[in-house]
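Examining the three-dimensional arrangement
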Amino acid sequence: MRIRILGSGAGGGFPQWNCNCANCRAVRAGAPGFSPRTQSSLAVSAEDGNWVLLNASPDLREQIAAAPELAPAEGDPVRASPIKAVALTNGDVDHVAGLLNLREAQPFSVYAAGRVLQALGANPIFTILQTQLVPRIELRMDETIPLKGAGVDLGLTIRAFPVPGKIALYLENKNAPNFGTSAGDTLGLEISATKTGKSFFYIPGCAKVDEPLANRLRNASLVFFDGTLFHENEMIEQGLLGKTGSRMGHINMSGEDGSIAAFAPLNVARKIYVHINNSNPVLNAHSKEHAAVRAAGWEVGADGMEMTL
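Residues numbered from 1 in each chain as written. Predicted model: local features only at pLDDT ≥ 70, side-chain atom pairs only at ≥ 80, totals over all residues. Heavy atoms only, no water.

With that out of the way, let us pick up the overall build of the protein chain. The helix and strand inventory of the protein chain stands at 9 helices and 14 strands. The principal-axis extent of the C-alpha atoms belonging to the protein chain is close to 50 × 45 × 40 Å. With 309 residues in all, the protein chain has 53% of them scored as buried. Long-range contacts, defined here as pairs at least 24 residues apart, represent 68% of the contacts in the protein chain between residues at least 6 apart. Of the roughly 13400 Å² of accessible surface on the protein chain, 51% is carried by carbon and sulfur atoms. Side-chain charges of the protein chain comprise 27 positive and 29 negative groups, with the mean position of each set lying 2 Å from the other. (Helix = DSSP H or I, 4+ residues; strand = E, 2+ residues; numbered from the N terminus. Buried < 20%, exposed > 50% of the residue type's maximum accessible area, 1.4 Å probe, protein only. Contact = heavy atoms within 4.5 Å. Areas by Shrake-Rupley, 256 points an atom, 1.4 Å probe, with all protein chains shown as cover. Lys, Arg positive; Asp, Glu negative; His and termini not counted. Charge placed at Lys NZ, Arg CZ, Asp CG, Glu CD.)

This is the structure in C-alpha coordinates:
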(Lines give C-alpha, C1' and ligand atoms only; values in the text may rest on other atoms or scores of the structure.)
Protein backbone atom coordinates (compact mmCIF):
# COMPACT_ATOMS: atom_id res chain seq x y z
CA MET A 1 0.00 0.00 0.00
CA ARG A 2 1.43 3.32 -1.13
CA ILE A 3 0.49 6.57 0.62
CA ARG A 4 1.29 10.10 -0.55
CA ILE A 5 0.62 13.33 1.32
CA LEU A 6 -0.90 15.60 -1.30
CA GLY A 7 -1.46 18.49 1.09
CA SER A 8 -0.35 18.92 4.71
CA GLY A 9 -1.71 22.42 5.43
CA ALA A 10 -4.96 23.45 7.09
CA GLY A 11 -7.63 25.59 5.44
CA GLY A 12 -6.03 28.33 3.38
CA GLY A 13 -2.76 26.46 2.94
CA PHE A 14 0.68 27.92 3.66
CA PRO A 15 1.12 30.73 2.94
CA GLN A 16 -2.52 31.66 3.15
CA TRP A 17 -3.45 34.09 0.37
CA ASN A 18 -4.36 37.00 2.66
CA CYS A 19 -2.24 36.23 5.73
CA ASN A 20 0.65 38.43 6.76
CA CYS A 21 1.63 36.53 9.91
CA ALA A 22 5.31 35.92 10.65
CA ASN A 23 5.17 32.37 9.28
CA CYS A 24 3.51 33.38 6.00
CA ARG A 25 5.95 36.24 5.51
CA ALA A 26 8.85 33.85 6.10
CA VAL A 27 7.69 31.19 3.65
CA ARG A 28 6.98 33.80 0.97
CA ALA A 29 10.52 35.11 1.44
CA GLY A 30 12.01 31.62 1.13
CA ALA A 31 13.42 31.73 4.65
CA PRO A 32 15.41 28.65 5.75
CA GLY A 33 13.29 26.09 7.59
CA PHE A 34 9.99 27.03 5.90
CA SER A 35 8.23 25.07 3.11
CA PRO A 36 4.94 25.90 1.35
CA ARG A 37 2.01 23.56 1.95
CA THR A 38 -1.25 23.00 0.12
CA GLN A 39 -4.48 22.07 1.86
CA SER A 40 -5.11 18.75 3.58
CA SER A 41 -5.40 15.55 1.52
CA LEU A 42 -3.83 12.09 1.06
CA ALA A 43 -3.72 9.70 -1.89
CA VAL A 44 -3.61 5.93 -1.35
CA SER A 45 -3.05 3.02 -3.73
CA ALA A 46 -2.81 -0.73 -3.32
CA GLU A 47 0.10 -0.55 -5.80
CA ASP A 48 -2.01 -1.40 -8.85
CA GLY A 49 -2.14 2.08 -10.37
CA ASN A 50 -5.57 3.02 -9.02
CA TRP A 51 -5.94 5.64 -6.29
CA VAL A 52 -8.37 6.86 -3.65
CA LEU A 53 -8.13 10.40 -2.33
CA LEU A 54 -8.76 11.04 1.34
CA ASN A 55 -10.39 14.48 1.20
CA ALA A 56 -10.45 16.71 -1.86
CA SER A 57 -8.90 20.07 -1.12
CA PRO A 58 -9.37 23.30 -3.10
CA ASP A 59 -5.73 22.82 -4.18
CA LEU A 60 -6.43 19.46 -5.83
CA ARG A 61 -5.55 20.49 -9.38
CA GLU A 62 -2.14 21.70 -8.20
CA GLN A 63 -1.67 18.54 -6.15
CA ILE A 64 -2.46 16.27 -9.10
CA ALA A 65 -0.03 18.22 -11.28
CA ALA A 66 2.70 17.61 -8.69
CA ALA A 67 2.03 13.84 -8.61
CA PRO A 68 2.54 12.23 -12.06
CA GLU A 69 1.01 8.97 -10.81
CA LEU A 70 -2.35 10.76 -10.52
CA ALA A 71 -2.34 11.86 -14.19
CA PRO A 72 -3.58 9.78 -17.16
CA ALA A 73 -0.98 7.27 -18.36
CA GLU A 74 0.43 7.43 -21.89
CA GLY A 75 -1.67 4.57 -23.22
CA ASP A 76 -4.94 5.66 -21.59
CA PRO A 77 -8.00 6.87 -23.54
CA VAL A 78 -8.32 10.56 -24.38
CA ARG A 79 -10.20 11.10 -21.07
CA ALA A 80 -8.94 8.99 -18.17
CA SER A 81 -7.83 9.16 -14.55
CA PRO A 82 -6.31 6.73 -12.04
CA ILE A 83 -8.37 8.46 -9.31
CA LYS A 84 -11.25 6.07 -8.73
CA ALA A 85 -12.68 7.25 -5.39
CA VAL A 86 -12.69 10.07 -2.85
CA ALA A 87 -13.42 9.56 0.86
CA LEU A 88 -14.31 12.58 3.01
CA THR A 89 -13.66 12.99 6.72
CA ASN A 90 -16.06 15.93 7.12
CA GLY A 91 -17.84 18.66 5.20
CA ASP A 92 -15.26 21.41 5.67
CA VAL A 93 -14.63 23.60 2.63
CA ASP A 94 -10.95 22.61 2.62
CA HIS A 95 -11.98 18.95 2.33
CA VAL A 96 -14.85 19.05 -0.21
CA ALA A 97 -14.24 22.00 -2.55
CA GLY A 98 -11.72 19.98 -4.57
CA LEU A 99 -14.52 17.71 -5.78
CA LEU A 100 -15.34 20.47 -8.24
CA ASN A 101 -11.91 19.99 -9.83
CA LEU A 102 -13.03 16.46 -10.79
CA ARG A 103 -16.09 17.58 -12.75
CA GLU A 104 -15.08 16.64 -16.31
CA ALA A 105 -17.56 13.76 -16.81
CA GLN A 106 -15.11 11.34 -15.18
CA PRO A 107 -16.47 8.37 -13.18
CA PHE A 108 -15.40 7.92 -9.56
CA SER A 109 -17.10 7.26 -6.22
CA VAL A 110 -17.56 9.62 -3.27
CA TYR A 111 -17.65 8.11 0.22
CA ALA A 112 -18.81 10.22 3.17
CA ALA A 113 -20.98 10.25 6.27
CA GLY A 114 -24.70 10.65 5.67
CA ARG A 115 -24.81 14.22 6.97
CA VAL A 116 -21.96 15.27 4.68
CA LEU A 117 -23.70 13.68 1.70
CA GLN A 118 -26.83 15.61 2.66
CA ALA A 119 -24.84 18.86 2.69
CA LEU A 120 -23.42 18.10 -0.75
CA GLY A 121 -26.88 17.21 -2.02
CA ALA A 122 -28.35 20.47 -0.71
CA ASN A 123 -25.83 22.57 -2.65
CA PRO A 124 -26.71 22.70 -6.36
CA ILE A 125 -23.12 23.41 -7.40
CA PHE A 126 -22.25 19.77 -6.67
CA THR A 127 -24.81 18.54 -9.20
CA ILE A 128 -22.04 19.16 -11.73
CA LEU A 129 -20.86 15.72 -10.53
CA GLN A 130 -23.60 13.66 -12.14
CA THR A 131 -24.69 10.86 -9.84
CA GLN A 132 -24.81 8.31 -12.67
CA LEU A 133 -21.04 8.87 -13.06
CA VAL A 134 -20.16 9.83 -9.49
CA PRO A 135 -22.19 7.72 -7.03
CA ARG A 136 -22.33 8.91 -3.42
CA ILE A 137 -21.88 6.12 -0.91
CA GLU A 138 -22.63 6.53 2.78
CA LEU A 139 -19.96 5.57 5.29
CA ARG A 140 -21.76 3.89 8.15
CA MET A 141 -19.96 3.98 11.45
CA ASP A 142 -17.59 1.09 12.20
CA GLU A 143 -18.59 -0.82 9.09
CA THR A 144 -15.71 -2.12 6.96
CA ILE A 145 -16.46 -1.86 3.25
CA PRO A 146 -14.38 -2.34 0.07
CA LEU A 147 -13.37 0.79 -1.78
CA LYS A 148 -14.58 0.74 -5.39
CA GLY A 149 -14.93 3.27 -8.18
CA ALA A 150 -15.40 3.44 -11.95
CA GLY A 151 -16.03 -0.31 -11.96
CA VAL A 152 -12.73 -1.07 -10.23
CA ASP A 153 -12.04 -2.75 -6.88
CA LEU A 154 -9.17 -0.74 -5.39
CA GLY A 155 -7.87 -3.58 -3.23
CA LEU A 156 -8.51 -1.46 -0.14
CA THR A 157 -11.14 -1.36 2.58
CA ILE A 158 -12.32 1.63 4.60
CA ARG A 159 -13.72 1.81 8.11
CA ALA A 160 -15.11 5.14 9.29
CA PHE A 161 -15.56 6.02 12.94
CA PRO A 162 -16.70 9.18 14.77
CA VAL A 163 -14.13 11.32 16.58
CA PRO A 164 -14.70 14.38 18.78
CA GLY A 165 -14.99 17.44 16.60
CA LYS A 166 -17.34 20.06 15.21
CA ILE A 167 -19.71 20.47 12.31
CA ALA A 168 -18.41 22.42 9.30
CA LEU A 169 -18.41 26.20 9.86
CA TYR A 170 -20.97 26.94 7.13
CA LEU A 171 -23.39 24.40 8.67
CA GLU A 172 -23.17 25.69 12.25
CA ASN A 173 -26.35 26.36 14.20
CA LYS A 174 -25.29 28.96 16.73
CA ASN A 175 -28.38 28.31 18.88
CA ALA A 176 -27.76 24.57 19.26
CA PRO A 177 -25.41 22.76 21.68
CA ASN A 178 -21.92 22.47 20.16
CA PHE A 179 -23.30 24.36 17.14
CA GLY A 180 -25.49 21.44 16.10
CA THR A 181 -22.68 18.91 15.88
CA SER A 182 -23.69 15.24 15.79
CA ALA A 183 -21.71 12.01 15.82
CA GLY A 184 -20.23 11.47 12.37
CA ASP A 185 -19.77 15.15 11.50
CA THR A 186 -16.05 14.53 12.05
CA LEU A 187 -14.68 11.13 11.04
CA GLY A 188 -11.51 9.18 11.40
CA LEU A 189 -10.72 6.66 8.68
CA GLU A 190 -8.93 3.32 8.87
CA ILE A 191 -7.66 2.23 5.46
CA SER A 192 -6.53 -1.38 5.01
CA ALA A 193 -4.93 -3.30 2.14
CA THR A 194 -7.05 -6.31 1.24
CA LYS A 195 -4.12 -8.58 0.35
CA THR A 196 -1.79 -7.82 3.24
CA GLY A 197 -4.16 -6.67 5.96
CA LYS A 198 -1.85 -3.75 6.76
CA SER A 199 -3.64 -0.57 7.77
CA PHE A 200 -3.24 3.04 8.83
CA PHE A 201 -5.42 5.79 10.31
CA TYR A 202 -6.21 9.23 8.88
CA ILE A 203 -7.65 11.78 11.35
CA PRO A 204 -7.02 15.32 10.06
CA GLY A 205 -9.61 16.90 12.37
CA CYS A 206 -10.09 15.98 16.02
CA ALA A 207 -11.02 17.93 19.16
CA LYS A 208 -9.90 15.40 21.78
CA VAL A 209 -8.28 11.99 22.12
CA ASP A 210 -10.97 10.38 24.22
CA GLU A 211 -10.84 6.84 25.58
CA PRO A 212 -12.57 5.15 22.60
CA LEU A 213 -10.17 6.83 20.17
CA ALA A 214 -7.12 6.03 22.31
CA ASN A 215 -8.13 2.37 22.46
CA ARG A 216 -8.63 2.27 18.70
CA LEU A 217 -5.21 3.78 17.93
CA ARG A 218 -3.17 1.82 20.48
CA ASN A 219 -0.32 -0.11 18.78
CA ALA A 220 -1.19 1.25 15.33
CA SER A 221 1.55 1.13 12.71
CA LEU A 222 0.84 4.58 11.21
CA VAL A 223 -1.42 7.50 12.15
CA PHE A 224 -1.88 10.80 10.31
CA PHE A 225 -3.32 13.19 12.89
CA ASP A 226 -4.68 16.71 13.35
CA GLY A 227 -1.77 19.14 13.70
CA THR A 228 -3.74 22.37 13.30
CA LEU A 229 -2.43 24.31 16.32
CA PHE A 230 0.50 24.00 18.68
CA HIS A 231 -1.36 25.66 21.55
CA GLU A 232 -4.92 26.73 22.32
CA ASN A 233 -4.66 30.50 21.91
CA GLU A 234 -2.07 30.92 19.17
CA MET A 235 -4.48 32.41 16.63
CA ILE A 236 -5.81 34.90 19.16
CA GLU A 237 -2.30 35.85 20.31
CA GLN A 238 -1.18 36.42 16.72
CA GLY A 239 -4.23 38.55 15.95
CA LEU A 240 -5.41 36.16 13.25
CA LEU A 241 -8.78 35.00 14.56
CA GLY A 242 -10.69 35.44 17.79
CA LYS A 243 -11.16 31.71 18.29
CA THR A 244 -9.40 29.10 20.39
CA GLY A 245 -8.47 25.70 19.07
CA SER A 246 -11.33 24.21 21.07
CA ARG A 247 -13.85 26.56 19.46
CA MET A 248 -12.65 25.43 16.03
CA GLY A 249 -12.89 21.75 16.97
CA HIS A 250 -9.15 21.06 16.94
CA ILE A 251 -6.93 19.59 19.65
CA ASN A 252 -3.61 21.29 20.41
CA MET A 253 -0.27 19.56 20.03
CA SER A 254 1.04 20.80 23.39
CA GLY A 255 -0.23 20.78 26.96
CA GLU A 256 -1.68 18.21 29.33
CA ASP A 257 -4.70 17.68 27.07
CA GLY A 258 -2.75 17.92 23.83
CA SER A 259 -2.07 15.24 21.27
CA ILE A 260 1.61 14.78 22.17
CA ALA A 261 0.63 13.82 25.73
CA ALA A 262 -2.38 11.78 24.60
CA PHE A 263 -0.35 9.65 22.18
CA ALA A 264 2.59 9.10 24.55
CA PRO A 265 1.21 5.84 26.06
CA LEU A 266 -0.34 4.47 22.87
CA ASN A 267 2.73 2.81 21.30
CA VAL A 268 1.95 4.09 17.80
CA ALA A 269 4.88 3.14 15.57
CA ARG A 270 4.76 6.19 13.31
CA LYS A 271 2.91 9.45 13.97
CA ILE A 272 2.64 12.23 11.38
CA TYR A 273 0.98 15.61 11.84
CA VAL A 274 -1.11 16.91 8.94
CA HIS A 275 -3.66 19.74 8.56
CA ILE A 276 -1.14 22.21 10.00
CA ASN A 277 -2.35 25.79 10.28
CA ASN A 278 -0.25 28.70 9.04
CA SER A 279 -0.07 30.03 12.63
CA ASN A 280 1.64 26.91 13.98
CA PRO A 281 5.28 27.47 15.03
CA VAL A 282 6.21 23.89 14.05
CA LEU A 283 6.16 25.10 10.42
CA ASN A 284 9.54 26.62 11.24
CA ALA A 285 11.86 23.61 11.15
CA HIS A 286 14.34 25.52 13.33
CA SER A 287 11.86 26.41 16.10
CA LYS A 288 11.85 24.99 19.62
CA GLU A 289 8.28 23.78 19.02
CA HIS A 290 9.37 21.78 15.97
CA ALA A 291 12.18 20.29 18.04
CA ALA A 292 9.75 19.38 20.82
CA VAL A 293 7.45 17.59 18.38
CA ARG A 294 10.34 15.64 16.90
CA ALA A 295 11.67 14.76 20.36
CA ALA A 296 8.24 13.30 21.20
CA GLY A 297 8.51 10.94 18.21
CA TRP A 298 6.30 12.86 15.79
CA GLU A 299 6.95 13.85 12.19
CA VAL A 300 5.72 17.13 10.73
CA GLY A 301 3.93 16.23 7.51
CA ALA A 302 4.95 17.93 4.26
CA ASP A 303 3.51 17.90 0.76
CA GLY A 304 4.94 15.08 -1.34
CA MET A 305 5.95 12.83 1.54
CA GLU A 306 5.46 9.18 0.64
CA MET A 307 5.46 5.96 2.61
CA THR A 308 4.69 2.30 1.95
CA LEU A 309 3.02 -0.26 4.21
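Read on, since the account is not over.
As a further point, take unusual backbone geometry. Omega for the peptide link from Phe14 to Pro15 comes to 0 degrees, which places this bond in the cis form. Position of Pro15 among the secondary structure elements: in the loop between strand S1 (2-7) and helix H1 (22-28). Unlike most non-glycine residues, Asn267 shows phi in positive territory, near 55 degrees. Assignment of secondary structure puts Asn267 in the loop between helix H8 (259-263) and strand S12 (271-274). Residue classification places Asn267 among the exposed residues on the basis of a relative accessible area of 55%.

If you walk across this open sheet you meet the 7 strands as S6-S5-S4-S3-S2-S1-S14, and the pairing is mixed. Strand pairing shows two members of the sheet lacking a second neighbour, strand S6 (136-138) and strand S14 (306-308), which therefore form its edges. This sheet shows a mean twist of 20 degrees between the axes of neighbouring strands, independent of strand direction. Relative to S6, strand S5 (residues 109-112) runs parallel, the two sharing 3 bridges. Bridged to Ala112 within S6 is Glu138. Across the sheet, helix H4 (residues 114-122) touches S5 and S6, and the angle it forms with S6 is around 150 degrees. (Pairing = 2+ DSSP bridges. Axes fitted to C-alpha atoms, helices over the stretch in contact; angles between N-to-C directions.)

Take the side chain of Asn50 next. Take Asn50: it is sitting in the loop between strand S2 (41-45) and strand S3 (51-54). When its relative accessible area of 15% is taken as the criterion, Asn50 is described as buried. Once residues within four sequence positions are removed from consideration, Asn50 is found in contact with Val44, Ser45, Pro82, Lys84, Val152 and Leu154.

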